[in-house]
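Per-entry structural report
Spelled out, the chains give:
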Amino acid sequence: MIVLDADVLGRNRTGEETYVLNLLRHLPAAAPDLRFAAVTRNPALVPAGVEPLPLRTPSQELRMAWTLPRLLRRLRPELAHFQHALPLGWSGRSVVTLHDLHFEREPHVMSLADRVTFKLVVPRAARRADGVIAVSERTKQDAVELYGLPPERIAVTPHGVDPAFAPGPERSRDYLLFVGAVQQRKDPLAALVAARELGLRLVVAGPEKDTTLARRLREGGADVRGWVDEDALAELYRGAHALVLPSRYEGFGIPVLEAMASGTPVVVADEPALREVAGDAGVYA
């Protein structure tokens, strides 16, 4: 049995949830001789072909320190996959995915509590896991520089794009689109300034992690939608004049792929991971 920690399902965690959901969708077909199971608080969201393993724990700390390790010791999987952190006391074979290390490069954009937690658990997981997946060369380089990981221990597996994102009928394209969590690191206010200069509205799609920032966007005239489901997001991409992503730090940038697959231009910050994704198809500012 191969077990994936799928606690992010149904939690509107943007890229992390998209990543895990599509692993679960495609791994059974890619490796039909293996048995896959997903540990989750939302078993109804687990795709067909994967065994759901319900696990509901009041706090994330208790889950990683007690209930998840206890479940894994009972299951004794051949391999377990996690994002960012390993459960305490788990000594079985493991793979951990690192999406980005922004808490190391841009620490001021996180709360102190989150920053301390990530600085404790992520280096430990990266060093103890049997294998490390980085979603970009930029994240791999950060892990090598910051944690001293041997480059050969890290496999770079860039994200793909869901077939839901594809061109549609021609629209008026009268707005700019920002997709991602509303937080300082992604700098949505810069997208609002760009929209104003062009005389366009700004539509913001993503969970409101920083409520003060979300309020400032609304006060400035932005249409802040919060988290939207996949179908609604695909429609937003197809109707946008351009995706604008002025992030100060990214580990990958899934919205860039989704926008390009939808036939929508992308204007992004001149940031290493975004250049890695958009290549010469992006406009950089």
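In short, a report on the structure. Please read these numbers as outputs of a predicted model, since none were measured by experiment.

Take the sheet that holds strand β9 (residues 201-205) next. Across the sheet, 6 strands lie side by side as β10-β9-β8-β11-β12-β13; this open sheet has parallel pairing. In this open sheet, the two edge strands, each paired with only one partner strand, are β10 (223-226) and β13 (283-284). As judged from the 5 bridges shared by strand β8 (residues 175-179) and β9, these two strands associate in the parallel manner. For Val 179, the partnering residue across the bridge sits in β9 and is Ala 205. Contacting β8, β9 and β11 (242-245), helix α6 (residues 188-198) runs over the sheet at an angle of about 175° to β8.

The subject of this paragraph is the pairing of strand β1 (residues 2-5). The two faces of β1 match: Ile 2 and Leu 4 on one face and Val 3 and Asp 5 on the other face are all buried. Judged from the 4 bridges that link them, β1 and strand β2 (residues 36-40) form a sheet pairing that is parallel. From the neighbouring strand, Asp 5 faces β2, where its bridge partner is Val 39. Judged from the 3 bridges that link them, β1 and strand β4 (residues 79-83) form a sheet pairing that is parallel. Following the sheet pairing, Ile 2 is matched in β4 by Leu 79.

Overall, parallel pairing links the 7 strands, which are arranged β3-β2-β1-β4-β5-β6-β7 in an open sheet. Only two strands of the sheet have a single partner each, and these edge strands are β3 (51-54) and β7 (154-156). Strand-to-strand, the axes of this sheet are offset by a mean angle of 25°, without reference to chain direction. Looking at chain direction, strand β5 (residues 94-98) and strand β6 (residues 131-134) are connected through 4 bridges and run parallel. Bridging across to β6, Leu 98 finds its partner in Ala 134. The strands touched by helix α5 (residues 137-147) within the sheet are β5, β6 and β7, with β7 carrying the most contacts at an inclination of about 165°.

Let's shift gears to the packing of aromatic side chains. In the structure shown here, the tally under the stated rule is 2 aromatic pairs. On the numbers, 5.5 Å between centres and 85° between planes, the contact of Phe 165 with Tyr 237 is edge-to-face. One end of the pair, Phe 165, is in the loop between β7 and β8; the other, Tyr 237, is in helix α8 (residues 230-239), with 72 residues separating them in the sequence. Among the residues examined, Phe 165 registers a relative accessible area of 6% and is labelled buried.

The subject of this paragraph is the nonpolar core. Counting residues in each nonpolar core, the largest one holds 43 residues, and the members touching the most others are Leu 177, Leu 202, Val 204, Leu 217, Tyr 237 and Val 256. Each residue touching Leu 202, except ones within four places of it in the same chain, is listed here: Leu 176, Leu 177, Phe 178, Pro 188, Ala 191, Leu 192, Ala 195, Ala 222 and Asp 223. By size, the runner-up hydrophobic cluster in this structure holds 31 residues, among which are Ala 37, Leu 68, Ala 143 and Ile 154.

The rules behind these values
- Residues numbered from 1 in each chain as written.
- Predicted model: local features only at pLDDT ≥ 70, side-chain atom pairs only at ≥ 80, totals over all residues.
- Heavy atoms only, no water.
- Pairing = 2+ DSSP bridges.
- Helix = DSSP H or I, 4+ residues; strand = E, 2+ residues; numbered from the N terminus.
- Contact = heavy atoms within 4.5 Å.
- Axes fitted to C-alpha atoms, helices over the stretch in contact; angles between N-to-C directions.
- Buried < 20%, exposed > 50% of the residue type's maximum accessible area, 1.4 Å probe, protein only.
- Phe/Tyr/Trp six-rings, centres within 6.5 Å; stacked < 30°, edge-to-face > 60°.
- Core = buried A, V, L, I, M, F, W, Y, C linked by side-chain atoms within 4.5 Å.

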